[in-house]
2 protein chains.
Amino acid sequence: MPDTPLPTEERPDTRERLLDAAEQLFAERGVTATSLRAVTKAADANLAAVHYHFGSKEELLSAVVARRVRPINEERLRLLDRLQAGSGDRAADLDEILSALLLPMIRETGRNPERVPTFTRLMGRVLTDMGTGTHALVVHHFAEVLQRFAAALSRALPHLTPEEIAWRLHFCIGTMAFTLVHSPHLAEMSRGLCRSHDADRVMEQMIPFLAAGFQAPSSIDEEAS
Amino acid sequence: MPDTPLPTEERPDTRERLLDAAEQLFAERGVTATSLRAVTKAADANLAAVHYHFGSKEELLSAVVARRVRPINEERLRLLDRLQAGSGDRAADLDEILSALLLPMIRETGRNPERVPTFTRLMGRVLTDMGTGTHALVVHHFAEVLQRFAAALSRALPHLTPEEIAWRLHFCIGTMAFTLVHSPHLAEMSRGLCRSHDADRVMEQMIPFLAAGFQAPSSIDEEAS
DNA sequence: GTTTGAATCAAACGAACGTTTGAAACCGAG
DNA sequence: CTCGGTTTCAAACGTTCGTTTGATTCAAAC
């Protein structure tokens, strides 16, 4: 058959194809709304392959997340380390801290430039779906990063109480998660004003907004005035 | 039987009990993860009652949302009208615009003070679950409110482009949605720093953050400097 | 008392789900 | 070729899902 696609060119492992397909479908439809039959069909694999390679649907999700989150969090901490090393005793710049937190994740959008971002939407879904079993997964993957960035932000904004740092960090993550999940719908909901295909464009809008939010006066200061 | 609970005291309609139970369970576990059997059991109603009163699970969800969203959006617009009427020709105050947008929804938390907020979490879920059929539902219920508030914000912050207004309004909604969904988990994730049981406390942290974010300089200004 | 329409009920429907099984297919090592 | 372990496969498991059905209950209208 002449149209057989390059028999010498190897296609990825079944395991890898399952991760790719699951990532795509979980992101598009949500985790619970995606059946393993849909995943294995998209991966051109047998239904039982999921349980052979991963053990269960939940462990498949965990593997999908871990595959992408690990390098992202490593880069986050690497960027933060570089910031703190470069700034000596001075606290690192707020914009750069936020950029170190947000950019490594949003940049995933640009990996497959031609198609709508998949993993970023999945992360947004995981960040908002939690409550079932995903909650523990997220805590496990992000606890260290959150702690490091909370400390860095606390040094950069010493007038804020730890409670305020925690609140604003969560607001920050919420903004990112919501934006990631709805990037395909943002254009429609804003009547074409928000074009979220470009990661740099999103960052351009998001960083100043969040940085200004972080720099808002502490509620303690306001009460004292 | 002496323990028969007050036979003269009428309990709500089956229809109402279904709405209550669905609201609670949808909020706790998510929509797709909640079965109609669980809803009807919690409502002490027959399984077929859902289809008799609403027609389908999706229409039940729509009814649950509509029951709460209608008065909330009415109050939002009422507060906005009052702001714009009181400020005459001057643009309304930013903090008050944001408060008019956020407070009516977050206040729902306080309706049943003793129990964890239910509807607010459901709204957060609907705002993040969309992609299936919920998307159209949300657009239908919120299009007018979003448009009105975008116009008000544009008047209060005339230096921002319509695109920037749209982006920041979405960031604002994302912050609210994420906070609402995770209010039960926020305390744990922040190691006890965020106590989100009190709506006023949440607003106290959220309004300054978002107001400062909205007041961030336009990217146009920054490029010009 | 009879009728009528709304409301509730137990029971079942077919479909889809996550998971398990046991046998076939594959493939490098002996 | 034969063997042993890994991987794939078709088929079925038991469960749960949203939905439907047809009989039954009930309260007001006649």
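Higher on the page you've got the structure.
Residues numbered from 1 in each chain as written. Chains lettered and ligands numbered in written order. Predicted model: local features only at pLDDT ≥ 70, side-chain atom pairs only at ≥ 80, totals over all residues. Heavy atoms only, no water.

Visitor: I'd love a proper account of the pattern of salt bridges, names of residues and values included.
Guide: Throughout the structure, instances matching the rule amount to 10 salt bridges over all chains. Notably, a salt bridge pairs Glu23(A) with Arg68(A), separated by 2.7 Å at the nearest N-O pair. With Glu23(A) in helix H1 (residues 14-29) and Arg68(A) in helix H4 (residues 57-86), the pair connects residues that are 45 residues apart, well separated along the chain. Across the pair Arg67(B) and Asp20(B) runs a salt bridge whose closest N-O atoms are separated by 3.0 Å. In this pair, Arg67(B) is assigned in helix H4 (residues 57-86) and Asp20(B) in helix H1 (residues 14-29), connecting sequence segments 47 residues apart. Its relative accessible area of 22% is what places Arg67(B) among the partly exposed residues. Salt bridges sharing partners connect three or more residues here, namely Glu16(A), Asp20(A), Glu23(A), Arg67(A) and Arg68(A). (Salt bridge = Lys/Arg side-chain N within 4 Å of Asp/Glu carboxyl O. Helix = DSSP H or I, 4+ residues; strand = E, 2+ residues; numbered from the N terminus. Buried < 20%, exposed > 50% of the residue type's maximum accessible area, 1.4 Å probe, protein only.)

Visitor: An account of the packing of aromatic side chains is needed here, citing residue identities and associated values.
Guide: One pass over the structure, following the stated rule, counts 6 aromatic pairs over all chains. Relative to Phe171(A), the ring of Trp167(A) has its centre 5.7 Å away and its plane inclined at 35 degrees; by these criteria the two rings are tilted. Residue Trp167(A) and its partner Phe171(A) are located together in helix H8 (residues 162-189), separated by 4 residues, close to a single helical turn. With respect to class, Trp167(A) is no different from Phe171(A); both count as buried. Following the ring pairs from residue to residue traces out a cluster consisting of Trp167(A), Phe171(A), Phe214(A) and Phe209(B). (Phe/Tyr/Trp six-rings, centres within 6.5 Å; stacked < 30°, edge-to-face > 60°.)

Visitor: Got a sec to walk through the interface of chain B and chain A? Specific residues and values, please.
Guide: At the junction of the two partners, chain B supplies 51 residues and chain A supplies 51 residues. Here chain B meets chain A over a buried area of about 4,800 Å², counting both sides, of which 68% is carbon and sulfur. Counting every contact that joins chain B to chain A gives 2 residue pairs in polar contact (both at pLDDT 80 or more). Only helix H6 (119-129), helix H7 (134-156), helix H8 (162-189) and helix H9 (199-214) of chain B provide two or more residues apiece to the side of chain B that touches chain A. It is H8(B) that provides the largest number of residues to the side of chain B that touches chain A, a total of 21 residues. Among the residues making up the side of chain B that touches chain A, the classes are represented as 25 nonpolar, 16 polar and 10 charged. (Contact = heavy atoms within 4.5 Å. Buried area = accessible area lost by both parts, 1.4 Å probe. Polar contact = N/O pair within 3.5 Å; in protein donor to acceptor, adjacent residues only side chain to side chain. Nonpolar A, V, L, I, M, F, W, Y, C, P; charged D, E, K, R; others polar.)

Visitor: Quick rundown of helix H5 (residues 94-106) of chain A? Include the residues and the values.
Guide: Residue and element names in this part refer to chain A. The end-to-end C-alpha distance of H5 is 18 Å, a good match for the 18 Å that 13 residues give at a rise of 1.5 Å each. In H5, a bend of some 30 degrees at alanine 100 exceeds every other bend along the element, and proline 104, a proline, comes one to four places later. Here H5 lies mainly inside the structure; 10 of its 13 residues are buried. Among the residues making up H5, those that are buried are Leu94, Ile97, Leu98, Ala100, Leu101, Leu102, Leu103, Pro104, Met105 and Ile106. (Expected span 1.5 Å × (residues − 1). Bend = angle between axes of the 7 residues up to and from the residue.)

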